[in-house]
Amino acid sequence: MSKFEELCKAYAASRQAYRESCEACQDFSEIFIKQMSDYLECQIEKQNQKFDEDGVLHFNPHSADIQADFISKKFRIAKTSND
């Protein structure tokens, strides 16, 4: 096995471990939110939570899109003012 193949194998294993860790954290947060809701006797009427590609939890499924739009607009404004 070449050094490149070893690096590829190590990288793939690392990415897999990272994905598994993210999924475990996301599963925990869903359980935590549900149990806190039960404990506080404050039921969540709509469970529209969604994780974006970075693993950030959004309770409004459209908030990730809104945030991305805001960031891209802010970047465009900053970029044009620096030109």
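Here the structure is shown first, and the text comes after it.
A quick note: this is a predicted structure, and the numbers were derived from the prediction, not measured. (Residues numbered from 1 in each chain as written. Predicted model: local features only at pLDDT ≥ 70, side-chain atom pairs only at ≥ 80, totals over all residues. Heavy atoms only, no water.)

Colleague: Break down the overall build of the protein chain for me, with residues and values.
Modeller: Across its full length, the protein chain carries 2 helices and 2 strands. Reading the protein chain from its N terminus to its C terminus gives the helix and strand order α-β-β-α. By residue count, 11% of the 83 residues in the protein chain fall in the buried class. Total accessible area computed for the protein chain in this model is approximately 7400 Å², and 59% of it derives from carbon and sulfur atoms. (Helix = DSSP H or I, 4+ residues; strand = E, 2+ residues; numbered from the N terminus. Buried < 20%, exposed > 50% of the residue type's maximum accessible area, 1.4 Å probe, protein only. Areas by Shrake-Rupley, 256 points an atom, 1.4 Å probe, with all protein chains shown as cover.)

Colleague: With reference to specific residues and values, describe the pattern of salt bridges.
Modeller: Oppositely charged side chains may form a pair once their charged atoms are brought near each other. Evaluation of the coordinates by the stated rule reveals 1 salt bridge. Among the ionic pairs, Lys34 bridges to Asp38, the shortest N-O distance being 2.9 Å. With a gap of 4 residues between them, Lys34 and Asp38 both fall in helix α1 (residues 3-39), about one helical turn apart. For Asp38, a relative accessible area of 35% puts it in the partly exposed group. (Salt bridge = Lys/Arg side-chain N within 4 Å of Asp/Glu carboxyl O.)

Colleague: How would you sum up the side chain of Ser37? Please name residues and give values.
Modeller: Inspection of the secondary structure assignment puts Ser37 in helix α1. For Ser37, a relative accessible area of 6% corresponds to the buried category. Other than its neighbours up to four places away in sequence, Ser37 contacts Cys42, Gln43 and Ile44. (Contact = heavy atoms within 4.5 Å.)

Colleague: Lay out the environment of Met1 in plain terms, naming residues and giving numbers.
Modeller: Structurally, Met1 is set in the segment before α1. Setting aside chain neighbours within four positions, we find Met1 in contact with Glu6 and Lys9.

Colleague: So, a negative patch on the surface: which residues are in play, and what are the values?
Modeller: A cluster of acidic residues, Glu20, Glu23, Asp27 and Glu30, forms a negative patch at the surface. Mapped onto the fold, Glu30 is located in helix α1. (Patch = residues over 30% accessible without salt bridge, like charges linked within 9 Å, V, L, I, M, F, W, Y side chains within 5 Å. Lys, Arg positive; Asp, Glu negative; His and termini not counted. Charge placed at Lys NZ, Arg CZ, Asp CG, Glu CD.)

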